[in-house]
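# Reading the structure
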Amino acid sequence: MSNIRQPLYGEAAVQVRDQLATSTAEDIRQHADQQTPDAGREHTEHQGDDLGLSLAEVLAALPAVADHAMKTALPERYTPELAAEFAQTMAGILREQQQERPVTAAQRGPEWMAKWGCPGFCVERHGTSGAMECHSTAPVETTLKAAEVDCSGYSENGESLPWMTAQVIVNNDKAQAYGRETKVWLGYGVHLAELPPAEARRALDALRGFTVRLAAVVDFAEQVAADDFAGDPEIAAADREAEARRVRAITEGTR
Ligand SMILES: [Zn+2]
């Protein structure tokens, strides 16, 4: 992490973000026009969002708007570099939020909903390959990937999978005959739990209790780690040589 991004965490970041939020759509649109005169109006499926701007337009305008926002909110801390760093961080967050927001059935319209029997929240791309048969919300997930925290190597099977995910699944195919069933899919790495809401609630309570104990473990680990140190590579090399000699002596002796 760069040392200039560090000071913008916490209260300072909140101030700049609040200032950024008060920037009007017109401000951003103006900056977007200055920054990307040739970008055209290539709106994504998310158009109609708060500002009526595409993600690309907002991202293009962000450096100038963040610069202005920081000058206003934190004049004593302002530097162009710090403002640029902040804009970059905001852009990362925006990109992540937007990319994780697929189109809902409600956005696709009543015809789509009637055709597939979708509840408004359904984000399945019915009729395309890979789409699920049932209805689902967009998953929420950790940005941390499973493979980053798993030292067993097993998670490499699904290397890009998030550490944890959760989404609502509704099965209402031919509901008159088979009924309607709502489940929570709770994913952890390559594993998936399909839970009725009551059991999902139990899992949530267990997780809540666990986070408190996990916090205690992490706190303690940080204290204990204060005494950690790296070994001496020369002594380590000598140790490996001695070990190799010992193994040779045993294998030659038993011949
Ligand atoms: Zn659906």
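Scroll up to find the structure this text is about.
As a starting point, this report considers the structure included with it. None of these values were measured; they are calculated from a predicted model. (Residues numbered from 1 in each chain as written. Predicted model: local features only at pLDDT ≥ 70, side-chain atom pairs only at ≥ 80, totals over all residues. Heavy atoms only, no water.)

### Side note on the packing of aromatic side chains
Taken as a whole and judged by the stated rule, the model has 1 aromatic pair. Over the face of the ring belonging to W112 we find R108, whose NZ or CZ atom lies 4.4 Å from the ring centre. (Phe/Tyr/Trp six-rings, centres within 6.5 Å; stacked < 30°, edge-to-face > 60°. Lys NZ or Arg CZ within 6 Å of the ring centre and 35° of its normal.)

### A word on the coordination of the zinc ion
In this structure, C118 (SG), C122 (SG), H126 (NE2) and H135 (ND1) serve as the protein donors to the zinc ion, at separations of 2.0 to 2.3 Å. One can describe the donor arrangement at the zinc ion as tetrahedral, given that its 4 donor atoms subtend angles of 98 to 122 degrees at the metal. When the donors of the zinc ion are listed by position in the chain, the intervening gaps give C-x3-C-x3-H-x8-H. Relative accessible area serves as the criterion here: at 1%, C122 is assigned to the buried category. (Donors = N, O, S within 2.8 Å, 3.2 Å for Na, K, Ca; no water. Tetrahedral: all angles 85-135°; square planar, octahedral: opposite > 155°, others 65-115°. Buried < 20%, exposed > 50% of the residue type's maximum accessible area, 1.4 Å probe, protein only.)

### Describing unusual backbone geometry
A positive phi angle, close to 45 degrees, is found at K174, a residue other than glycine. Note on placement: K174 falls in the loop between strand 3 (164-171) and helix 8 (175-178). (Helix = DSSP H or I, 4+ residues; strand = E, 2+ residues; numbered from the N terminus.)

### A closer look at the pairing of strand 4 (residues 181-188)
Strand direction decides the pairing type here: strand 3 and strand 4, joined by 8 bridges, are antiparallel. The residue of strand 4 that forms the bridge with A166 is L186. Across 5 bridges, strand 4 lies against strand 5 (residues 191-195) in antiparallel orientation. Counted as the bridge partner of V184 is L195 from strand 5. Counted along the chain from strand 4 to the antiparallel partner strand 5, the turn is 2 residues long, and its residue G189 has a positive phi close to 65 degrees. (Pairing = 2+ DSSP bridges.)

### Quick word on the nonpolar core
Grouped together as the largest cluster of nonpolar side chains are 12 residues: L20, L55, L59, A61, L62, V65, A66, A69, F86, A87, M90 and A91. Counting residues per element, the ones that place at least two in this core are helix 3 (55-73) and helix 4 (80-99). Take this core: its biggest share by element is 7 residues, from helix 3. (Core = buried A, V, L, I, M, F, W, Y, C linked by side-chain atoms within 4.5 Å.)

### Observations concerning helix 3
Along helix 3, the sharpest kink reaches roughly 45 degrees, centred on L62 and followed within four residues by the proline P63. Listing the buried residues of helix 3 in full gives L55, E57, V58, L59, A60, A61, L62, V65, A66, D67, A69 and M70. (Bend = angle between axes of the 7 residues up to and from the residue.)

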